[in-house]
Amino acid sequence: MKINNVVVIGSGTMGSGIAAQLCNANIPVTLLDLKTEISQKAKERIEKSRPPLLIDKSKIDGIKVGNINDDFNIVSEADWIVEAVVERIDIKHDIYDKIFKQRKKGSIVSSNTSSIPISVLSEKLTEDDKKDFCITHFFNPVRYMDLLEIVKNENTDLDKIQKLKLFCEEDLGKGAIVCNDTPGFLGNRIGVYAMQIAMTEAFKMKLTIEEADAVFGRPMGIPKTGVFGLYDLIGIDLMADVLKSFIKELPENDNFQEVAKEIPLIRKLIDTGYTGRKGKGGFYRMNKVDNTKILEAINLETGEYSPSQKIDIKSEKVDLLKLINRGDKYGDYAWSVISKIIKYASSLVPGITDKFNDIDEAMRLGFNWSRGPFEMLKEIGVSNFFEKLDGFENNKFLEELSKSKNEDFYGERQKYTEIETLGKIKPKAIKLDGNNSAEIYRFNDFNIVEFTTKANALDYDSMDALKKATDKPLIIINESMQFSAGVNLTYTMNFAEKGDYSSIEKFVKYFQDTCKELKYSKYPVVSAPSGLTLGGGFEVLVQSNFVASHTNIVVGLVETMVGLVPAGGGCKEMLWRWSQTEEAKNDPDYAPLKVFDIIGYGKTATSPVEAEPLKYLLPENKKIMSRNSLLNVSRSILEENKDFTPPAEATFKLAGKPLKEKMVKLLEKLYNDKVILDHGMVVGSELANVLSGGDTTIDKTLSEDDLYKLELNSFMNLIETQKTKDRIKHTLSKGKPLVN
Ligand code: NAI
């Protein structure tokens, strides 16, 4: 069975997301709703969505639309029919009745339900039809959330499930995990339980919401939204509905019941319109006082708001053992939450799945945790865990483990997929070296560098690891959400605040030297980005010899936004790429002016398709839907380039002063139109200086080193200005650029 044609019924949030992802995979898809106008509107929403659901907007007409009355015959052509209508069993039953009358024999029918069991969904189907029915539980937004739970029961044809799984993995790029038909499946069962535990323990232990979020966040390898922040993001009212459904579906003696009960404060928030970010606010809210916006946090005891306090629990890296043994309230809270999550998750094995490993992966893919409960247990250590634990009951998994005390209980990772992922390779590889910012692994005859900082921001250590790793073919890849958000601005600012500019200069120089080594060392270097690939992150990519890019990337040179210019070779490489065009052959100013426009505006692309016209990526770079396959594709690139020779050094002919004047004219126009302000002129002029070649004339030849020097010089001029520092500080504290 091949899936060449899909019908999605219900064009709301999920249906449109699923249709868009099918369109991304070039699979013909029809989106049906009650009325064609509704599915047409959905298509418009897809087109306007931010972050974009489509990799290539020009392909939007790969999605056909229609309604369930006039256009239902299309179902007879579909290999897979996905139902994503409202969560109402009567409506779903009616739709299945229609689908199974119309569908072609052997096609797969699935529901995107988040809470109705297969047994109930399929109760009216014939035994034969039940074989072809399952749940495909996608997460929102479909393009960006990697988890897909494929839920089967005893009636489902497992062969078919396997084929569907492969399709969803390879073509749709999902981390597809097959699991049993139990409430909330894997991700939500554990994820929502974890949120409820984190919340109820914060109440019990009298932590403020900022304190709870500071612990149940990065220090635990959980996204920084924490628990209360995540509640606000999901919607407090929606969470209440989710909990009601868990209370209804789960047995009375399930430990979830204890923490699912409605809390009076939550009822009050919902009743007063505080439903989270989409409403007036939630646990956090933005309040305007004297015309300035202030982030406020709720007091869990009184329900009053006051300005939110920044809590820093001084835990830069995830170190669970250290965290739970801090001996203060944060440590106690962390232990209480972590131990309960581990107890609950392990109590569900083998009921929800017989592979505990899959629960960890579901948390990783669906909730962006960097490790799941069983990995947490492994990291804490089996004996350490049981020494601290006050007991457990009705838990076969822990019972056995407490007897065996097997510290190596975990075994392999990512058993759900056949693909040889980075997660699978790492434990088999030799860890050659590591520092605070990166790790180097050797596997067979190549090296892997994985950045390990927050958002994989780059510093001296990151460069050091890259430099050391060029003694073999190298793949730069990682498992976290971002390839790299760029140079670590906090690190740079710390020097700038002290007036220690020579350390900054040394770092930038080292950055350049390292990138040069990536490009010209005798072994090939492959970058395999996913997520943010900005600024310095892009400079690493652009000076790698090969690229295997995930289709979910945000790529670009954004230095000007923080009052700087790219100084790790970004200007140089972009100049080179644009100077290879036909237009550049006839007009020596063409390339520099193009690059001036791109870097000056800090343009970014949200997919490889958008990146190519800007030349952030090239047609020959590999583009891959399945993130899990990035390592494999990178390996095959190395395999194909066994007789690699480094590229010839690039040279540049730039017009110097007259070209710079052209650029400054453009800046003046922007300044007069108030698009840029004083410092925009300063930054723009420095960029113009680099891209025009500085003190040169068109007949002179500039080397890559000359351009590196110009970049460094302008970077240093700018970092010393107060207004660049203001921009950096603003970006670091507010997360958005300052126009000054
Ligand atoms: P939604 O409310 O955004 O969209 C539902 C769509 O179904 C609407 O466009 C509606 O017009 C259409 N519809 C209603 N009756 C229909 C009928 N008889 N025939 C055809 N279309 C009909 O809902 P959403 O959020 O997209 O949810 C869809 C399903 O996905 C639900 O089962 C939900 O539980 C599940 N789900 C939702 C998630 C989310 O984050 N929103 C996440 C995972 C699953």
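Quick caveat, the model's predicted, so the values are computed rather than measured.

Asks: Quick question: what am I supposed to make of the packing of aromatic side chains here?
Replies: Here the distance between the centres and the angle between the planes together describe a pair of aromatic rings. The tally for this structure, following the rule as stated, stands at 30 aromatic pairs. With centroids separated by 6.3 Å and ring planes inclined at 85°, the aromatic side chains of Phe216 and Trp369 adopt a geometry described as edge-to-face. On the criterion of sequence distance, the pair formed by Phe216 in the loop between helix 8 (209–215) and helix 9 (228–234) and Trp369 in the loop between helix 15 (356–367) and helix 16 (373–380) is long-range, its members being 153 residues apart. On the basis of relative accessibility, which here comes to 4%, the residue Trp369 falls in the buried class. Members of the aromatic cluster, each reached through a chain of ring pairs, are Phe356, Phe374, Phe397, Phe409 and Tyr410. The ring of Phe72 is capped by Lys98, whose NZ or CZ atom sits 4.8 Å from the centre of that ring. The ring of Trp578 has Lys615 sitting right over it, with the charged end atom 4.8 Å from the ring centre.

Asks: Explain the sheet that holds strand 12 (residues 430–434) to me, please; I cannot follow it from the model alone.
Replies: Strands belonging to one sheet form pairs held by backbone hydrogen bonds; the direction of such a pair is parallel or antiparallel. The strand order across the open sheet built from seven strands is 12-13-14-15-16-18-21, with neighbouring strands paired in mixed fashion. Only two strands of the sheet have a single partner each, and these edge strands are strand 12 and strand 21 (622–624). In this sheet, adjacent strand axes meet at a mean angle of 20° when their direction is disregarded. Sheet topology places strand 16 (residues 525–527) next to strand 18 (residues 546–550); two bridges connect them, and they run parallel.

Asks: In this structure, what is going on with helix 20 (residues 460–468)? I would like to understand it.
Replies: Turning to helix 20, its buried residues are Ser462, Met463, Ala465 and Leu466. End-on, the buried residues of helix 20 take up no more than an arc of 160°, which puts them together on one face. For helix 20, the secondary structure elements touched by its buried residues are strand 13 (438–443), strand 14 (446–451), strand 15 (474–476), helix 22 (501–520) and helix 23 (536–542). The N-capping residue of helix 20, defined by a side-chain oxygen 3.1 Å from the backbone nitrogen of Asp461, is Asp459.

Asks: Which parts of the structure should I look at to understand the sheet that holds strand 9 (residues 284–289)?
Replies: The sheet built from three strands is open, its strands ordered 9-10-11 with antiparallel pairing. Single-partner strands in this sheet number two, and they are strand 9 and strand 11 (305–307). Averaged over neighbouring strand pairs, the angle between their axes works out to 45° when direction is ignored. Pairing between strand 9 and strand 10 (residues 292–298): six bridges, direction antiparallel. Counted as the bridge partner of Tyr284 is Ala297 from strand 10.

Asks: I would appreciate a short explanation of the state of the cysteines in the present structure.
Replies: Here a disulfide denotes a covalent bond joining the sulfur atom of one cysteine to the sulfur atom of another. One pass over the full model with this rule turns up zero disulfides. Unpaired in this structure, Cys179 has its nearest cysteine sulfur neighbour in Cys134, at a distance of 11 Å. Relative accessible area serves as the criterion here: at 1%, Cys179 is assigned to the buried category. For Cys571, which is in no disulfide, the shortest distance to another cysteine sulfur is to Cys515 and amounts to 13 Å.

Asks: Can you help me understand the site of the ligand in this one?
Replies: Residues in close proximity to the ligand total 23 residues, the closest being Met14, Asp33, Glu87, Lys92 and Ser114. One of the side-chain nitrogen or oxygen atoms of Lys92 is found 2.7 Å away from an oxygen atom of the ligand. Coverage of the ligand by the protein chains reaches 77% of its 840 Å² of free accessible surface. Elements supplying a minimum of two residues to the shell around the ligand: helix 1 (13–24), helix 3 (89–102) and strand 6 (133–138). Element by element, the count of residues in the shell around the ligand is highest for helix 3, at three residues.

Asks: I would appreciate a short explanation of helix 29 (residues 657–672) in the present structure.
Replies: Each full turn of the α-helix corresponds to 3.6 residues, which orients residues three or four apart in the same direction. With 16 residues, helix 29 should reach 22 Å at 1.5 Å per residue; the first-to-last C-alpha distance of 22 Å fits that figure. Every buried residue belonging to helix 29 is among Leu659, Met663, Val664, Leu667 and Leu670, and all of these are buried. The buried side chains of helix 29 occupy one side of the element, clustering within an arc of 135° when seen end-on. Facing away from the buried side of helix 29 by more than 90 degrees, the exposed set consists of Lys657, Lys665, Lys669 and Asn672. For helix 29, the secondary structure elements touched by its buried residues are helix 26 (590–600) and helix 30 (678–691).

Asks: Got a minute to help me understand the packing of helix 14 (residues 329–347) against helix 16 in this structure?
Replies: Helix packing geometry: the angle between the two helix axes and the distance between the axes. At their nearest, the axes of helix 14 and helix 16 sit 9 Å apart, and the two run at 125° to each other. Taken together, the axis directions place helix 14 and helix 16 in an arrangement best described as oblique. Crossing handedness for the pair helix 14 and helix 16: left-handed. For the pair formed by helix 14 and helix 16, the contact residues are Ile338, Ile341, Ile342, Ala345 and Ser346 on the first element and Pro373, Phe374, Met376, Leu377 and Ile380 on the second. Residue composition of the contact of helix 14 with helix 16, by class: nine nonpolar, one polar and no charged.

Asks: Can you help me understand the nonpolar core in this one?
Replies: As a rule of thumb, nonpolar side chains are buried together in soluble globular proteins. Core analysis: the largest hydrophobic core is formed by 109 residues, its most contacted members being Ile9, Phe216, Phe228, Tyr231, Phe256, Phe283 and Tyr333. A total of ten residues in this core trace back to one element, the largest contributor, which is helix 14. The residue makeup of this core includes at least three contributed by each of domain 1 (6–180) and domain 2 (187–404). Those residues in contact with Tyr231 that sit more than four places away from it in its chain are Met195, Gln196, Met199, Ile236, Met239, Leu243, Ile266 and Phe283. If you look at the next biggest cluster of nonpolar residues, it comprises 78 residues, including Ala496, Tyr510, Val547 and Leu670.

Asks: Help me understand the side chain of Thr156 in this model?
Replies: Looking at the element boundaries, Thr156 is found in the loop between strand 7 (147–152) and helix 6 (158–170). We classify Thr156 as buried; its relative accessible area is 7%. At a separation of 2.8 Å, a polar atom in the side chain of Thr156 contacts the main-chain amide nitrogen of Asn153.

Asks: I would appreciate a short explanation of the pairing of strand 14 in the present structure.
Replies: A regular strand places its side chains so that they alternate between the two faces of the sheet. Taking burial as the measure, the six residues of strand 14 include six buried ones, the bulk of the element. In strand 14, alternate side chains face the same way, and those of Phe446, Ile448 and Glu450 on one face and Asn447, Val449 and Phe451 on the other are all buried. Bridge analysis of strand 13 against strand 14 gives six bridges, and the strand direction is antiparallel. Note on strand 14: the bridge partner recorded for Phe443 is Phe446. Linking strand 13 back to strand 14 in an antiparallel pair, the connection comprises two residues, with Asn444 at a positive phi of about 50°. Of the crossover connections in this fold, the one passing from strand 14 over helix 20 to the parallel strand 15 is right-handed.

The rules behind these values
Residues numbered from 1 in each chain as written. Predicted model: local features only at pLDDT ≥ 70, side-chain atom pairs only at ≥ 80, totals over all residues. Heavy atoms only, no water. Phe/Tyr/Trp six-rings, centres within 6.5 Å; stacked < 30°, edge-to-face > 60°. Helix = DSSP H or I, 4+ residues; strand = E, 2+ residues; numbered from the N terminus. Buried < 20%, exposed > 50% of the residue type's maximum accessible area, 1.4 Å probe, protein only. Lys NZ or Arg CZ within 6 Å of the ring centre and 35° of its normal. Pairing = 2+ DSSP bridges. Axes fitted to C-alpha atoms, helices over the stretch in contact; angles between N-to-C directions. Arc of directions from axis to C-beta. Contact = heavy atoms within 4.5 Å. Polar contact = N/O pair within 3.5 Å; in protein donor to acceptor, adjacent residues only side chain to side chain. Disulfide = S-S within 2.5 Å. Near = heavy atom within 4 Å. Areas by Shrake-Rupley, 256 points an atom, 1.4 Å probe, with all protein chains shown as cover. Expected span 1.5 Å × (residues − 1). Parallel < 35°, antiparallel > 145°, perpendicular 65-115°, else oblique. Left-handed = near helix turned anticlockwise from the far one by under 90°. Nonpolar A, V, L, I, M, F, W, Y, C, P; charged D, E, K, R; others polar. Core = buried A, V, L, I, M, F, W, Y, C linked by side-chain atoms within 4.5 Å. Domains from an automatic or database assignment. Right-handed = clockwise from strand over helix to strand, strands pointing away.

Structural measurements only, silent on function.
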